[in-house]
Every structure is written in structure tokens, then in C-alpha cells.
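Structural overview
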Amino acid sequence: MKPHLILVVDADADTVGFVLEASARTGHAVRQAKTSREAFEILKNELRHLDAVIVDVDPGAHGLALLEAVSSCREKPPLLMLSGLEEAYMKTVAAKHGASACLCKPFSIEQL
């Protein structure tokens, strides 16, 4: 049976609390990575076990490159991009880089 697991990639950990609370409501465990390197280590071993990958796009994590890499995998989980930038622009960027959806800050736990 597939574990209920979400990977959150967030360099400055400003959204991890939201993800932890939202995942607790849905019965998901959370793995956290602060860098793309940490994320790739987790993905290497757990990609097929992930229900979703949530990437907070900021300079420290190389989030867009991470989204593109994961979206090119044959068996990929849904990808969600989080951003503090302008929503209309970032939704287009998210789609171009393989994300299923984009939420722009501030957002609520219900939206997540």
C-alpha cells in the first residue's frame, strides 16, 4: 500500500507550517527539503511513494528547475508551486514548468 506522503521544498520554511497543518487534516506525512539537493535525495528514494510535491519557489531551492525535473519523470506526483509573486504571471510560469497548480501568498490552509 502506498504511504500518504507529501514532499515540501521550502528554503526559508515560511510555508512548512501551513503544509503540516493541511497534511494533518488529510492524513498525510510530510518530508521537508530546504534545498533542491535535499529534494533530489528524497525524490531518488521516494518518488513513487509521494502523493504530491509542493515547491515554494524562492532563490535558495531552485524551485523551477526542480519542477521541470520532476515533471519529466514518467511516474510523477502532482506538483504544486507556491510563490510570493504576482498570481496571474506565476500561474503561467508554473504551468510552463510542469506544475499542476500554483498558489500565491498569502493563501489559506483551506486553499492548500
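Above this text you will find the structure in question.
First, a word on what this report is: a plain description of the structure on this page. A quick note: this is a predicted structure, and the numbers were derived from the prediction, not measured. The numbers attached to residues start from 1 for each chain and follow its sequence in the written order. The predicted nature of this model means local features are confined to residues of pLDDT at least 70 and side-chain atom pairs, given and counted, to a pLDDT of 80 or more, with totals for whole chains, interfaces and linings taken over all residues. Only hydrogens and water are removed before side-chain values are computed, so all heavy atoms of the structure are retained for them.

Notes on helix α4 (residues 87–96)
Cut-off, in case you're wondering: The cut-offs for exposure are 20% and 50% of the maximum accessible area for each residue type, with area from a 1.4 Å probe on protein chains only; residues under the lower value are buried, those over the upper are exposed, and the others partly exposed. Numbering of helices and strands runs from the N terminus, with a helix taken as a DSSP run of H or I at least four residues long and a strand as a DSSP run of E at least two residues long. By arc we mean the arc of the directions from the helix axis to the C-beta atoms, nothing more. Contacts: residue pairs with any heavy atoms within 4.5 Å of one another. Pairs of N or O atoms within 3.5 Å make up the polar contacts considered here, provided that, within protein, one atom can donate a hydrogen while the other can accept it, and that residues adjacent in sequence are counted only when both atoms are side-chain atoms.
All buried positions along α4 are accounted for by Met 90, Val 93 and Ala 94. Along α4, the residues classed as buried sweep out an arc of 100 degrees about the axis, all on the same side. Across from the buried face of α4, at angles greater than 90 degrees, the exposed residues are Ala 88, Ala 95 and Lys 96. Buried residues along α4 sit against α3 (63–71), β4 (79–83) and β5 (101–104). The backbone nitrogen of Ala 88 has a side-chain oxygen 3.2 Å away, supplied by the residue at the start of α4, namely Glu 86.

Quick word on the layout of surface pockets
Put simply, the test is: With a 1 Å grid laid over protein atoms only, a set of points is called a cavity when a 1.4 Å probe fits there but cannot get out and a pocket when it is open yet has protein on both sides within 12 Å along at least five of seven lines; lining residues have an atom within 4 Å of a point. Grid points are joined across faces, edges and corners, and a volume is the space filled by probe spheres set on the points. For this classification, Asp, Glu, Lys and Arg are treated as charged, while Ala, Val, Leu, Ile, Met, Phe, Trp, Tyr, Cys and Pro are nonpolar and the rest, including Gly, are polar.
Taken as a whole, the largest pocket holds about 190 Å³ of empty space. As for the largest pocket, its lining consists of 15 residues, of which Ile 6, Ala 22, Thr 26, Ile 54 and Leu 112 are closest to the centre. Secondary-structure elements contributing two or more residues to the lining of the largest pocket are α1 (16–26), β3 (50–56) and β4. Broken down by element, the residue count for the lining of the largest pocket peaks at five residues, all from α1. The class makeup of the residues in the lining of the largest pocket is ten nonpolar, three polar and two charged.

Section: the sheet that holds β5
Defined as follows: Two strands pair under a simple rule: DSSP has to find at least two bridges between them. To get an axis, fit a line to the C-alpha atoms, keeping to the stretch in contact for a helix; angles then go from 0 to 180 degrees between the N-to-C directions.
What the five strands build is an open sheet, ordered β2-β1-β3-β4-β5; its pairing is parallel. If you trace the sheet from one side to the other, it starts and ends with β2 (29–33) and β5, each paired once. Here the strands of the sheet are splayed against their neighbours by 20 degrees on average, with no regard to which way each runs. Looking at chain direction, strand β1 (residues 5–9) and β3 are connected through five bridges and run parallel. Bridge pairing in β3 links Val 8 to Ile 54. Across the face of the sheet, α1 comes into contact with β1, β2 and β3 while running at roughly 165 degrees to β2.

Details of the pattern of salt bridges
Selection criterion: A side-chain nitrogen of Lys or Arg and a carboxyl oxygen of Asp or Glu constitute a salt bridge if their distance falls within 4 Å.
Enumeration over the complete set of coordinates arrives at seven salt bridges. Notably, a salt bridge pairs Arg 25 with Glu 110, separated by 3.2 Å at the nearest N-O pair. Of this pair, Arg 25 sits in helix α1 while Glu 110 sits in the segment after β5, and the two are 85 residues apart along the sequence. Residue Arg 25 shares its accessibility class with Glu 110, and that shared class is exposed. A salt bridge links Lys 91 to Glu 87; the shortest N-O distance between them is 3.1 Å. Pair noted here: Lys 91 and Glu 87 are both in helix α4, with a separation of four residues, about one helical turn. Note on Lys 91: relative accessible area 41%, which makes it partly exposed. Each of the salt bridges in this network shares a partner with another, and the network as a whole consists of Asp 14, Asp 56 and Lys 105.

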